[in-house]
Amino acid sequence: MTSHRTPNMITVDQALQHVLSHAHPNATRRVSVLEAVGAILAEEVISDIDSPPHDKAMMDGYAISADDLADPSQRDDASIELEVIEEVTAGAVPTKKLASGQATRIMTGAPVPEGVGAVVMIEQTEQIQPSRVRIQNVALPAGTNIMPRATSLAVGQTVIAPGTPIRPIEVGVLSEVGRTEVEIFAPPTVAVMTSGNELVTPDVKPGPGQIRNSNNPMLVALAQRAGATVTDLGIARDEETAIRALVEEGLTHDVLILSGGVSAGVLDLVPKVLQDAGVEQVFHKVHLKPGKPVWFGVRENESDQRTLVFGLPGNPVSSLVCFELFVRAAIAKLRGQPNVTLPCVRAALSQQHQQRGDRPVYFPGVFTETPGELPSVAPLPWQGSADLTTLAKANCLLYFPAGEKVYEAGEIVDVFPQ
Ligand code: AMP
Ligand code: MG
């Protein structure tokens, strides 16, 4: 394929590698298992118990002696009458060994008595006297309805590996192995700010020349979804001191995300202010549409506190695409997930699409999965990087490489589900 790449502009992959090489997992922290939900486990969790802790009954019913079991290949009705020698409920332990002709009434979860062959479920039995029971069919394989000790888990076994995201299910497993606290990677703190004289907060009806700040709330939501703890620093006017004041506050966080002010306009002051604040530029501009002006740098202070700084273009769709391509991966790595990239699937175009331009494009579309078939994808009529409303109708971004091309219906493209 012909490369239309402008000299000095790096590719999305190169930019991503730069970002990842500057993002290191956060320090670990010990928290309660409930506080750990959503975070990434930073230790190996080992079981201190066998589960089940004893050979246990899986049904309410009667434990019968191994000697009374009939050959299961004789599937005819081998019924038998037995003497009930004791009753064991969950939490109690049997005191009597089973011999031929005897049964122990047993409840789910209780330890089975010595000499047991199988547990017969209550529905297949009939109590005929207070201490006599008829078992309708003893032609059962040995071990029926008995879960042997340590089948699910053994002492010393690894139950959860480091790097695992903690979900409610892990909270249950951690509790089963006696853990009330675990070591996690500290979730990254992220600050979000924007700059622009035209911006008003979402609760205000914009006046002449004004627009609402939709980026901050969207970026806060994206960063929260990515697992960060997020602070919204608000709007700075297009003026160096105003931007600098918010930047200084943002530099106390692991990640600072700015939107707006990184292009080539007269009021695009962000790169200069960041440089003055000691943020070292890693790249500015990526061969990408939308999102070309994206800026990335790092600030490390005397106490080794490091902030990754992303200057995203102000157009909301550009901000979104750059977040998804770069910021998301950085947050994932900081929180202990080193290899998170945007999930990509292959899909067939449902209609012809004309692709123009010299940069690779991320284009909003509707992606449909049909069982047994390749997914299909339809590009949406989209007005460009300021058109966030169309993105709300989309469920994916389609990827088209740089270059002029008419894609025919049925052609296979890469799709990033959102
Ligand atoms: P800039 O990157 O500052 O040149 O902004 C590019 C476009 O994005 C302009 O039309 C801005 O008005 C718009 N824009 C900048 N910041 C925001 C924001 N926080 N929310 C919504 N639109 C914005
Ligand atoms: Mg601006």
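This report concerns the structure included in the present document. From a predicted model like this one, the values you see are computed outputs, not experimental measurements. (Residues numbered from 1 in each chain as written. Chains lettered and ligands numbered in written order. Predicted model: local features only at pLDDT ≥ 70, side-chain atom pairs only at ≥ 80, totals over all residues. Heavy atoms only, no water.)

**Remarks on the packing of helix α3 (residues 215–225) against helix α6 (residues 316–334)**
The condition is simple: Axis definition: a line fit to C-alpha positions, over the contact stretch in the case of helices; interaxial angles, taken between N-to-C directions, run 0 to 180 degrees. Counting from the N terminus, the helices are the DSSP runs of H or I reaching at least four residues and the strands are the DSSP runs of E reaching at least two. Note on angle classes: values under 35 degrees are labelled roughly parallel, values over 145 roughly antiparallel, values of 65 to 115 roughly perpendicular, and the remainder oblique. By convention the crossing between two helices is left-handed if the near helix lies anticlockwise of the far one by an angle smaller than a right angle, and right-handed if it lies clockwise. Residue contacts are counted whenever heavy atoms from the two residues lie within 4.5 Å of one another.
With their axes 10 Å apart at the nearest point, α3 and α6 run at an angle of 25 degrees to one another. Judged on the interaxial angle alone, α6 and α3 are roughly parallel. Considering the relative orientation of α3 and α6, their crossing is right-handed. Contact residues: Asn 215, Met 218, Leu 219, Leu 222, Ala 223 and Arg 225 in α3; Pro 316, Ser 319, Leu 320, Phe 323, Glu 324 and Ile 331 in α6.

**A look at the packing of aromatic side chains**
Formally: Side-chain rings of Phe, Tyr and Trp (the six-membered ring for Trp) are treated as a pair once their centres are within 6.5 Å; stacked means planes under 30 degrees apart, edge-to-face means over 60, and tilted covers the remaining angles. Classification of residues uses two cut-offs on accessible area relative to the type maximum, computed with a 1.4 Å probe and protein chains only: under 20% is buried, over 50% is exposed, and between them is partly exposed.
What the rule picks out here adds up to eight aromatic pairs. Taken together, a centroid distance of 5.2 Å and an interplanar angle of 55 degrees make the contact between Tyr 362 and Tyr 399 tilted. Of this pair, Tyr 362 sits in strand β23 (residues 361–368) while Tyr 399 sits in strand β25 (residues 396–400), placing them 37 residues apart in sequence. For Tyr 362, a relative accessible area of 5% translates into the label buried. Ring plane angle 50 degrees and centroid distance 4.9 Å describe the contact between Phe 400 and Tyr 407, whose orientation is recorded as tilted. Residues Phe 400 and Tyr 407 agree in their burial class; the two are buried. Three or more aromatic residues joined by ring pairs form one cluster here, namely Phe 283, Phe 296, Phe 310 and Phe 326.

**Quick notes on the nonpolar core**
Inclusion rule: The nonpolar core is taken to be a set of buried Ala, Val, Leu, Ile, Met, Phe, Trp, Tyr and Cys residues, with the residues joined through side-chain atoms within 4.5 Å.
Among the nonpolar cores identified, the biggest contains 58 residues, and Phe 310 and Phe 326 are the most heavily contacted of them. Per element, the largest residue contribution to this core is 12 residues, and it comes from α6. If we skip the residues at most four places from it in the chain, Phe 326 touches Val 12, Ala 15, Leu 16, Val 19, Val 286, Leu 288, Val 294 and Phe 310. Ranked by size, the runner-up nonpolar core spans 19 residues in total, among them Ile 243, Leu 258, Val 273 and Ala 277.

**Focus: the site of ligand 1**
Short version of the rule: We define proximity as follows: a residue is near a molecule or strand when any one of its heavy atoms falls within 4 Å of that partner. Pairs of N or O atoms within 3.5 Å make up the polar contacts considered here, provided that, within protein, one atom can donate a hydrogen while the other can accept it, and that residues adjacent in sequence are counted only when both atoms are side-chain atoms. The Shrake-Rupley method, run with a 1.4 Å probe, gives the accessible areas here. Residue values count only the displayed protein chains as cover.
Taken together, 16 residues sit near ligand 1, with Thr 194, Glu 198, Asn 213, Gly 261 and Gly 314 positioned nearest. In this structure, Glu 198 approaches ligand 1 through a side-chain N or O atom, which is 2.5 Å from an oxygen atom. Here Asn 215 contributes a backbone N or O atom positioned 3.3 Å from a nitrogen atom of ligand 1. Contact with the protein chains hides 78% of the accessible area of ligand 1, taken as 480 Å² for the molecule alone.

**As for the state of the cysteines**
How we decide: For this text, the term disulfide refers to a pair of cysteine sulfurs within 2.5 Å.
One pass over the full model with this rule turns up zero disulfides. No disulfide involves Cys 344; its sulfur sits 10 Å from the nearest other cysteine sulfur, which is in Cys 396. What makes Cys 344 partly exposed here is its relative accessible area of 39%.

**Considerations on the packing of helix α1 (residues 12–22) against α6**
Going by this rule: Only Asp, Glu, Lys and Arg are considered charged, only Ala, Val, Leu, Ile, Met, Phe, Trp, Tyr, Cys and Pro nonpolar, and every remaining residue, Gly among them, polar.
Relative orientation of the contacting elements α1 and α6 amounts to 30 degrees, with a least axis distance of 9 Å. One way to sum up the angle between α1 and α6 is to call them roughly parallel. Judged by the sense of rotation from one axis to the other, the crossing of α1 with α6 is right-handed. Of the residues in α6, those touching α1 at Val 12, Ala 15, Leu 16, Val 19 and Leu 20 are Leu 325, Phe 326, Ala 329, Ala 330 and Lys 333. The class makeup of the residues in the contact of α1 with α6 is nine nonpolar, no polar and one charged.

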